[in-house]
Structures are given as C-alpha cells and as structure tokens.
Amino acid sequence: GAAGTAVGSRIKGHAKRGGRKLTDQHRQYGPVGYTNENRTSRICSACFVPVTLSRATRIKDGESRTIRLHGSVDCHNPQCPRRQAGRGTMGRDANAANNILISGASILLSAT
C-alpha cells in the first residue's frame, strides 16, 4: 500500500526517511549517535568562542556602507589557533559542520 510513502503530505509520494526506521537501518552498519546542532554556526570550531558575521564595505552612488556577509563568520579571539594561522574567516556552514563533527565524535567516543 501507501504506508510510509507520505501520500497526502507535502512531499507527495516520496519515501519518509526520518525517525526510528532510518536510525534502525543505520545501526545495522555501525553505531548511531545524536547531537544537538543548536548554536553550531555561532561558535568557532577551533577555539569555541562566539563568532560574528563577516562584514564588507560596499560603495553605492558614492556612499560607503558596511554590510554583513551571511555566508562567512569571523573569529575575533586573539588566541584562536585558526586566526593565528591567518585563517580567522571561515564559511558559516563549514564551521557548523566541524562543530557538529566534534560534538558527535565526543558523544560516540565517550559512550560506554
């Protein structure tokens, strides 16, 4: 029948891939851990200090304006190893992915 195919929902006939069924399928091949992704794009993955959105100056009609760049973040911690290496600016999504990786790895490695 149509069980599990999301008939009548917004995704129209595509298989549902979340929740317990997917988790059980993944557990067949290895351990599964859950992590909270809250604030992962707001914390530096090298020093764990809050970051800010990068800023750029744009000139329009002879007027200079400072705007925020929503795709990248800046770490302003002077002791940050990434900033000391000249890489204080990083992509927001890549930074969040690194933070999720660190969180997930610590959960899996600390499990007994």
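What counts, and where the lines are drawn
- Residues numbered from 1 in each chain as written.
- Predicted model: local features only at pLDDT ≥ 70, side-chain atom pairs only at ≥ 80, totals over all residues.
- Heavy atoms only, no water.
- Helix = DSSP H or I, 4+ residues; strand = E, 2+ residues; numbered from the N terminus.
- Buried < 20%, exposed > 50% of the residue type's maximum accessible area, 1.4 Å probe, protein only.
- Contact = heavy atoms within 4.5 Å.
- Areas by Shrake-Rupley, 256 points an atom, 1.4 Å probe, with all protein chains shown as cover.
- Pairing = 2+ DSSP bridges.
- Polar contact = N/O pair within 3.5 Å; in protein donor to acceptor, adjacent residues only side chain to side chain.

Looking at an unreviewed UniProt entry, one finds the protein chain named Transposase, with Linnemannia elongata AG-77 as its source organism.

J.: Lay out the overall build of the protein chain in plain terms, naming residues and giving numbers.
T.: Counting its secondary structure elements, the protein chain contains three helices and three strands. What you see in the protein chain, going N to C, is helices and strands ordered as α-β-β-α-β-α. For the protein chain, the proportion of its 112 residues judged to be buried stands at 20%. Long-range contacts, defined here as pairs at least 24 residues apart, represent 34% of the contacts in the protein chain between residues at least 6 apart. Carbon and sulfur atoms make up 52% of the accessible area of the protein chain, which totals about 8,600 Å².

J.: Help me get a handle on the pairing of strand 2 (residues 63-74), residues and values and all.
T.: When strand 1 (residues 52-60) meets strand 2, the two strands line up antiparallel, connected through nine bridges. Directly across from Arg55, in strand 2, lies its bridge partner Arg68. Taken together, the three bridges between strand 2 and strand 3 (residues 89-91) define a ladder with antiparallel strand orientation. Bridging across to strand 3, Ser72 finds its partner in Gly91.

J.: I'd love a proper account of the side chain of Ser72, names of residues and values included.
T.: For Ser72, the location among the structural elements is in strand 2. At 2.8 Å, the side chain of Ser72 forms a polar contact with the side chain of Ser54. In contact with Ser72, not counting residues within four places along its chain, are Thr52, Leu53, Ser54, Thr89, Met90, Gly91 and Arg92.

J.: Describe in detail the side chain of Thr23, supporting the description with residues and values.
T.: Note on placement: Thr23 falls in helix 1 (residues 19-27). In this structure, Thr23 is in contact with Val32 and Tyr34, ignoring residues within four places of it in sequence.

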